[in-house]
Amino acid sequence: MRNRNLLNQKLDNLETTLITLEQIVNRQSPIETYRANIVKAQGLVEDIKDMVEREPMSSTELNKI
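Residues numbered from 1 in each chain as written. Predicted model: local features only at pLDDT ≥ 70, side-chain atom pairs only at ≥ 80, totals over all residues. Heavy atoms only, no water.

*Asks:* How do you make sense of the side chain of Asn37 when you look at a structure like this?
*Replies:* Counting through the fold element by element, Asn37 comes out in helix H2 (residues 31-54). Residue class for Asn37 comes out buried when judged on its relative accessible area of 14%. Within the structure, Asn37 has its side chain in polar contact with the backbone oxygen of Thr33 (distance 2.9 Å). What Asn37 contacts, discounting residues up to four positions off in sequence, is Thr17, Thr20, Leu21 and Ile24. (Helix = DSSP H or I, 4+ residues; strand = E, 2+ residues; numbered from the N terminus. Buried < 20%, exposed > 50% of the residue type's maximum accessible area, 1.4 Å probe, protein only. Polar contact = N/O pair within 3.5 Å; in protein donor to acceptor, adjacent residues only side chain to side chain. Contact = heavy atoms within 4.5 Å.)

Here is the structure:
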């Protein structure tokens with residue numbers, strides 16, 4: 001995988017955002033804060049999906065299709 005470091009960084013960001021969401025729920029923070037972090041997490045998921053899609057498929061992946 002060419003962009004392994006970038007992908008790992010995005011996954012770390014997603015994990016951090018999910019931890020933040022858990023803390024927001026535990027502290028009963030305003031719903032706007034929760035929604036903003038959900039949007040951030042959704043954006044990270046889309047970025048990761050795009051990165052995986054751009055990667056060339058290996059021969060074993062091509063054989064499964």
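*Asks:* Help me out: how do you make sense of the pattern of salt bridges in this one?
*Replies:* Between side chains of opposite charge, pairing is possible as soon as their charged atoms come close. If you walk through the whole model with that rule in mind, you get one salt bridge. Residues Asp47 and Lys10 are paired through a salt bridge, measuring 3.2 Å at the closest nitrogen-oxygen approach. Of this pair, Asp47 sits in helix H2 while Lys10 sits in helix H1 (residues 4-27), and the two are 37 residues apart along the sequence. (Salt bridge = Lys/Arg side-chain N within 4 Å of Asp/Glu carboxyl O.)

*Asks:* Honestly, the packing of H1 against H2 in this entry has me stumped. Any pointers?
*Replies:* When two helices pack together, you describe them by how their axes are tilted relative to each other and by the distance separating the axes. Look at H1 against H2: their axes get within 9 Å of each other, and the N-to-C directions meet at 160°. Regarding the angle of H1 to H2, the classification is roughly antiparallel. Both H1 and H2 take part in a crossing whose hand is left-handed. Seen from H1, the contacting residues are Leu6, Leu7, Lys10, Leu11, Asn13, Leu14, Thr17, Thr20, Leu21, Ile24 and Val25; seen from H2, they are Thr33, Tyr34, Asn37, Ile38, Lys40, Ala41, Leu44, Val45, Asp47, Ile48, Met51 and Val52. (Axes fitted to C-alpha atoms, helices over the stretch in contact; angles between N-to-C directions. Parallel < 35°, antiparallel > 145°, perpendicular 65-115°, else oblique. Left-handed = near helix turned anticlockwise from the far one by under 90°.)

*Asks:* Hey, could you run me through the nonpolar core in this one?
*Replies:* The nonpolar side chains of soluble globular proteins are, as a tendency, buried together. Core analysis: the largest hydrophobic core is formed by six residues, namely Leu7, Leu14, Ala41, Leu44, Ile48 and Met51. Contributions of two or more residues to this core are made by H1 and H2. Top contributing element to this core by residue count: H2, with four residues. (Core = buried A, V, L, I, M, F, W, Y, C linked by side-chain atoms within 4.5 Å.)

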